[in-house]
Every structure is written in structure tokens, then in C-alpha cells.
Amino acid sequence: MLITSSEQTIATIDDGGTTWTRPQNAVSVRHAFKTYGPKSKPNQVLNNLNMTVAKGTIYGLLGASGCGKTTLLSCIVGRKRLNSGEIFVLGGKPGTRGSGVPGKRVGYMPQEIALYAEFSIKETMMYFGWIFGMQTSEIIERLHFLLNFLDLPSENRLVKNLSGGQQRRVSFAVALMHDPELLILDEPTVGVDPLLRQSIWNHLVHITKAGQKTVIITTHYIEEARQAHTIGLMRSGRLLAEESPQVLLSMYRCSSLEDVFLKLSRKQGQQQQQASELNISNNISLSALAFGNKKDNPVYISQESGVIGLNFHQSKEVLISDSTNGSTYGLNGSTPTLPASQNQQAIECDDCGVDCCNLTSRGKIRALLQKNFLRMWRNVGVMLFIFALPVMQVILFCLAIGRDPTGLKLAIVNHEMNSSSGECYYEKGCSFNNLSCRYLSHLNSSIIQEYYDDVESAKQAVAQGNAWGAMYFTENFTDALVARIALGRDADDETLEQSEIRVWLDMSNQQIGILLNRDLQYTYRQFAQNLLEECDNNPKLGDVPIQFKEPIYGTNEPSFTDFVAPGVILTIVFFLAVALTSSALIIERTEGLLDRSWVAGVTPGEILFSHVVTQFVVMCGQTALVLIFMILVFGVTNNGDIFLVIALTILQGLCGMCFGFVISAICELERNAIQLALGSFYPTLLLSGVIWPIEGMPYILRNIAVGLPLTLATSALRSILTRGWGFMEFEVYMGFVATISWILLFLIITMVSLKLKQN
Ligand SMILES: Nc1ncnc2c1ncn2[C@@H]1O[C@H](COP(=O)(O)OP(=O)(O)OP(=O)(O)O)[C@@H](O)[C@H]1O
């Protein structure tokens, strides 16, 4: 008898002429506990579960819906972690370096379809093939085999146009793609017709025949699991039995596995009642009874008879790990093997193989990038959103915001003229006739002058919303004004009063009210200066004694557009990036695609990196469009270095992107992500000094505002554009520093959240 018992070696027993082979274990789960939910109210999904899957066998994991099958599989493939207990898969612990799990040693078909709907079958296979580190020629060869074997339609058909059953088969093909050592299939036969179901099972039997491939399969069609070598019947987070189907049927004298499951479920109920007295739990040794064997003796597999009838019990494990010295003993307990950790180390690279160990993340990144761009390209709506939306936003902003209002009606009562005729004559040159008309001739042409007979009706027009202001000239306006100028401080009150232009404004609209106020005063200065000039006097006498010289920065006629534009540029780029990325990971996660990629060995860092690169390229395009339209087409002032403007805008886009990743990583549902993204938009816009200077905010709010990602960047960009400042100015580099700090913070939060989600 030769036994070299480790999880990787085969025990061969010569028993009176018959050679039995006990296969090594592909998977062994020991004392697995897993809970979901808060500690105060945990949902115990795996409850001291033990499971042994021999290499080269098909293991059918059966159990009622919600009993924890998917959770168990997720732990086996390294997607989820146990609260306690141990799992060995292909000799290593899932998730440890070099174990190949997650990675190309495993083929995983999740319960969800988990395919990119906008990809063709071929593109799907290419993507996953590259992720697994396969060569393109290898992928094509395998693709043709799988198309044929799984009776799939043309390789160019888009996944979204396939039937549900066809999509499941493509999903199955993905799991088979790289011919993995361990296939984990979560309900692969749902929605598949009986003929094809049979051929899938035939294939599974075929690939396990050579003893190198192992399959764990869950199915709700309990009877089809008769073709499995071992069946694990799961209930309430533990295995009721783990036996070959034949053993189960004969042991329980049932004709169907369903009946066995029912009997075992009832038995478990009774056992649980007796458990406290008998101090036994979940220890059902069926094969010993079935074969009349000694209870603890395992049944070995005859090489002649094929792989059948394993007997790895829940509590009588064939391989017993001695936790005191870390050694693993063979089934007779006599032959020590390498300690578990040493054993694992020894196999890490061996098992991984040259291909696997050489699988750099370059190939995976390439696949991820192609996938991201292809998804975008295939989705016309997204493409429009990406490039048309920023242009539209800029155009709308430049056309709608910052221009002076026109067509404003002014109700004028001019008792100096015959108002009923509506004509208002004055003589040009140094003439002192009808100065009211001369004043009105200087009024901005965008103001519509409407004449009224008396002050009351003019004010009534304003009150009714028919005019934005009422203006009144007395009948002695010209004489009084001339006397006022001539007499100076000797002018009496009546003269002063008669020379006044009286105005009643509708200030309900602050912008229009202030604009009219400004225009009317500005018009008077123009009128007075023009009159004095015509009469050979110094026009300065007609002006207010404040001289606004050429401004140090900006112009004497500042535009609101120039004030808001920097904030608008950054807001557009920032929130477009948020919108694009905030649901990117969620969509992949909810569709099971993220799981699939993770199990294939893609790390959160690689996924994040591929999204960062994709969105970065997109953002560069968006930034270029926004700046071209803002500066070149609509002439927003830029007195600074355009490269600084581009750099800061792109950095803000990156910042928005990273904020989107945070949302994507922390929100479970897409609608939560949308709510968070939308919810953050308005406060950020209001507090970042984009539409109103933060100097106008209460002190505490101002300090909060300064800490937001857009605030310092907005004032930095404003300084670059309007003041022409360079990088070394404090305000400018603080904009860069703040933006980069936020990027780093967002990235860290995203990575930590993704890591936590992996557990
Ligand atoms: N991420 C999760 N968070 C909280 N609870 C979860 C999570 N995933 C699964 N559960 C719960 O764990 C239990 C087991 O779920 P699991 O998906 O493993 O069952 P299952 O046996 O695969 O079911 P089915 O056959 O219907 O797929 C269920 O009660 C489920 O609601």
C-alpha cells in the first residue's frame, strides 16, 4: 500500500488484486462559518460547514433556495471571505498570492448571466480569454469548439439579441473558455432545453474522466445531479450528506434524489432536537452503512470502475489537519505530510504553472480597456451624452447667462413736451431746449420708451408689470436744469426739485433693477458731458468726481459671463465625469460582471485603473470641446496660460471621476448612486463660489466652502483667466494642490470600499 497523502497527491491501495485510487482533493472546506448583516442581528448562512471535493469529480451541490450555495461557491472562488474556518482550493487558500484562485485555474459561471449585453459572442470570448491570459489564436480555436458544442448562433450575434437560454450558454462557454482545472457552475442548466442539458452533463462527465478537472455544480433540477460523482445536500448552512448519488438512493431506499433530500431534511429536524442530548451534529455516515463497511473506513475508487462513491464525511474527514503542529496526516493517520503552510507554498508556483505565473496584468488591462471603450462605442446614447452634452451646456450657458437684458419697457411721463403726440424734439449742438428729450436720446437702445400722460398711470403700468420703471420730467425741467448748473450752490430748492429726473423702479428683479439704475445714471453722465462739450465747456464738469482709471485686472465693463465661466467650465467637466463614473462599477457589479472579472483574477486596482484611463481619454475630449467653445467660439476672456487652464480643467475632471468612483463603490444600487450624484451637485454649485463670491457667505459656511473640491480650483481658474496669473501665484497653485489632494482622497476611499466589498 502506497500512501503519500497530501492534498496534492494520490493514494494508491493494492487490495488483493484490485487497485483503488483515492483522488486528491480539489476543494476542502473545514468548519466554515459565514454571516451577513450586522453583528447584532446576523444572518448565519454557513454554519460549521465541511465539504470535500475530490479532484477529477463532479460535485453536485444541492439545496433549497437561500440555503447558502452561492455564498459557499463565492467563498471557494475567493470572492467572499469566511468569518471563520478554512478553505483549500487546488492546494492553496483562495485569494492568497500564487494560488491561482481567483485566477485562471478556476472557471466560474455565476447565477446571473454576467455578460456584456452590447458585445457579440466573439467579443465576449475575446475579452474573457484575454483576461485569462490566452493568446488570440487560442481563443479563436476554443471559441469555434464552444460555439459548436453549445449549439450557439453566429459568433457575431450581440449578446443582447440572444434568447435567455442562449445567453446562459454563452455564460457557460465563458467559464469553459480557458479549460480550467476547477469549474464552478452556479445553476448552468437553468433555461436550457433537456437535450442541451444532457449534452452539458455529458461534457462535464467527459472533462472529469481524465481525473484532472473538477466540477462543482449547483442545480435546481435535483435529478440531473445523478450524473455527479458526489452530491452535497445542503440545508441551513451545512451539508446534510456528502455521498455518491447511488449510495444516497440505496441508503435511503428512495427512487429519486428529491425524496432523499426530503428524508434528510426531516432527519436533520429530528437530529437538531436530539443534538443537545447526544452531542452530535451533522454527522451522517451513509456509505459505511450502504456498503456494510466499517463506519470510519472510506470507500476507495476502483480504477476499473471509474470515479464513483466518495465518502468524505462531514466530521470524519479523510484528511485530518492537526492544528497543534500544523501537520496533515493521511487517512490512516500514519504518514505525515508537509505542514499546511509549507505544502501550500510548495505548490503555489507549481500549480499556477508558467502561463499563470507569467500572467501579467498588462494583458488584463488591455482587455479591460478594450472592453470599456467598446461598451462606450456601442452605446450611442452614452456617446452623445459624453460629447454632445458638454458642448450643449457651454452653448446654453454662453447664450443664456451674462448678457444684458433687452426690450425693457420704461414708462415715461415728460411734461416738457406734448406727450400725446409721442414726439420728443431737441436741437443738437449747444442748445438748451427740451433737455429731457436730449437726455432720453442718450438712453440705451435696448430700453423701450413708452409715454404716459401722468405719473399715476405710469406708476400703474409698473405696478401691473407692463414696465420695469416709471420716469418723470417736470414741465420746467430744461430751465431748472440750466439754472442748477449755472447757479451751482445758489440754486434754490424749487430749482433743484424741478431739475430732478424722478424714477420709480420695479426692483423685484434685482438684475433688471440694478441694470436700469446703472443705465439711467450712466446716460445722465453721457448727456451732461456731451452738452458741456458742445458748449465748449470741460465735459468733466458734467461727470461725478470719481475717475475710474484703466482697471488693473479686467475691464471697466466687467461681464458676468467672465465671472461665472471658470466655475461653469469646471462644474461641467467635474459633474460629467461624476455622471459617467458614478454608476460604472455598480452596473458591472449588479450584473455579476464584476464578480466574474474578480474570479478571473482581475484585481480591484486593475478594474479601477482601466476605468480611470478610459474616462481620462473621454475627459480630455470633453475638456477640449468645453474650452474651444468657451474661449474660441464665445470669446470668454483668457489672459493666462492656456496650458495651465487645460491642466487644471483636466485635473478637475479627474477629481470628478474619482468622486464618481467613490459613489460607485459605496452605493449598492444604481438609483442610490444617481441620488447621491445629483444630490451633491446643487450644494457644490452653490458653495463653491461658482455663481456668487464665497466672500458673501457667513463665516462658518465660507470655511466649509473652501474645503470643497471645486472652490479653490474655481478661484484659481478665475485668476488664470481674468488676471492672467501663473502657477507660482498662491491662489493658483492652491487650486492645483486642493484638486490633487481630493483626487488622492477619493481614490483611497474607492480602493478601501472595493476591498471591503470583496469580503
Ligand atoms: N450580500 C449579501 N448580503 C446579505 N445577505 C445575503 C447576501 N448574499 C446572500 N445573502 C443571504 O444569504 C442567504 C443565502 O444566499 P445564497 O445566495 O447563498 O443562497 P442560494 O442557496 O445560492 O440560493 P439560490 O438557490 O436561490 O440561489 C440568503 O438568505 C440571502 O438572502
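In what follows, the accompanying structure is described. Computed from a predicted structure; not experimentally measured. (Residues numbered from 1 in each chain as written. Predicted model: local features only at pLDDT ≥ 70, side-chain atom pairs only at ≥ 80, totals over all residues. Heavy atoms only, no water.)

**Focus: the pattern of salt bridges**
Here is step 1 of the chain: Following the criterion strictly, the structure yields 15 salt bridges and no others.
Here is step 2 of the chain: With its nearest N and O atoms 3.1 Å apart, the salt bridge here joins Lys93 to Glu86.
Here is step 3 of the chain: Looking at Lys93, the relative accessible area reads 30%, which means it is partly exposed.
Here is step 4 of the chain: When its relative accessible area of 31% is taken as the criterion, Glu86 is described as partly exposed.
Here is step 5 of the chain: Two residues, Asp179 and Lys213, come together in a salt bridge whose shortest N-O distance is 3.8 Å. Taken as a pair, Asp179 in the loop between α4 (164–176) and β8 (182–186) and Lys213 in the loop between α5 (194–209) and β9 (214–218) lie far apart in primary sequence, 34 residues in all. (Salt bridge = Lys/Arg side-chain N within 4 Å of Asp/Glu carboxyl O. Buried < 20%, exposed > 50% of the residue type's maximum accessible area, 1.4 Å probe, protein only. Helix = DSSP H or I, 4+ residues; strand = E, 2+ residues; numbered from the N terminus.)

**Quick look at the site of the ligand**
Here is step 1 of the chain: If you check the shell around the ligand, you find 14 residues, and the closest are Ser65, Gly66, Thr70, Thr71 and Gln111.
Here is step 2 of the chain: In the model, an oxygen atom of the ligand is placed 3.2 Å from a nitrogen or oxygen of the Cys67 main chain.
Here is step 3 of the chain: Interatomic distance of 2.5 Å between a side-chain N/O atom of Gln111 and an oxygen atom of the ligand.
Here is step 4 of the chain: The set of elements that each furnish at least two residues to the shell around the ligand consists of β4 (43–54) and α1 (69–76).
Here is step 5 of the chain: The element best represented in the shell around the ligand is α1, accounting for 3 residues.
Here is step 6 of the chain: Of the residues assigned to the shell around the ligand, the class counts are 4 nonpolar, 8 polar and 2 charged. (Near = heavy atom within 4 Å. Polar contact = N/O pair within 3.5 Å; in protein donor to acceptor, adjacent residues only side chain to side chain. Nonpolar A, V, L, I, M, F, W, Y, C, P; charged D, E, K, R; others polar.)

**Here we look at the layout of surface pockets**
Here is step 1 of the chain: If you add up the space inside the largest pocket, you get close to 1300 Å³.
Here is step 2 of the chain: As for the largest pocket, its lining consists of 30 residues, of which Leu515, Arg518, Asn556, Glu557 and Pro558 are closest to the centre.
Here is step 3 of the chain: Tallying contributions element by element places helix α16 (residues 510–534) first for the lining of the largest pocket, with 12 residues.
Here is step 4 of the chain: Looking at the lining of the largest pocket residue by residue, the classes come out as 11 nonpolar, 12 polar and 7 charged. (1 Å grid on protein atoms, 1.4 Å probe; cavity = no way out; pocket = protein on both sides within 12 Å on 5 of 7 lines; lining within 4 Å. Points joined across faces, edges and corners; volume = space filled by probe spheres on them.)

**What to know about the pairing of strand β10 (residues 230–235)**
For a regular strand, side-chain orientation follows a simple rule: the groups alternate between the two sheet faces.
Here is step 1 of the chain: Judged by how many residues are buried, β10 sits mostly within the fold: 5 of 6 residues are covered.
Here is step 2 of the chain: Sheet topology places strand β5 (residues 58–63) next to β10; 5 bridges connect them, and they run parallel. Paired with Gly63 across the strands is Met234, a residue of β10.
Here is step 3 of the chain: For β10 and strand β11 (residues 238–243), the ladder comprises 5 bridges, and the chain directions are antiparallel. Within β11, the residue paired with Gly232 across the bridge is Glu242.
Here is step 4 of the chain: Taking the residues that link successive antiparallel strands as the turn, the β10-β11 hairpin has 2 residues, and the phi of Ser236 there is positive, at about 50 degrees. (Pairing = 2+ DSSP bridges.)

**Digging into helix α24 (residues 711–723)**
Count 3.6 residues to each turn of an α-helix, and residues three or four apart come out pointing the same way.
Here is step 1 of the chain: Here α24 spans 17 Å end to end across 13 residues, near enough to the 18 Å set by a 1.5 Å rise per residue.
Here is step 2 of the chain: Those residues of α24 that sit buried are Thr711, Ala713, Thr714, Ala716, Leu717, Arg718, Ser719, Ile720 and Leu721. (Expected span 1.5 Å × (residues − 1).)

**Topic: the nonpolar core**
Here is step 1 of the chain: Grouped together as the largest cluster of nonpolar side chains are 121 residues, with contacts concentrated most on Phe172, Leu185, Leu204, Leu233 and Met630.
Here is step 2 of the chain: The element contributing the most residues to this core is helix α21 (residues 642–666), with 14 residues.
Here is step 3 of the chain: Both of domain 1 (11–105 + 180–352) and domain 2 (366–399 + 560–758) provide at least three residues apiece to this core.
Here is step 4 of the chain: Counting 30 residues, the second-largest nonpolar core is a separate cluster that includes Tyr59, Val77, Ile184 and Leu239. (Core = buried A, V, L, I, M, F, W, Y, C linked by side-chain atoms within 4.5 Å. Domains from an automatic or database assignment.)

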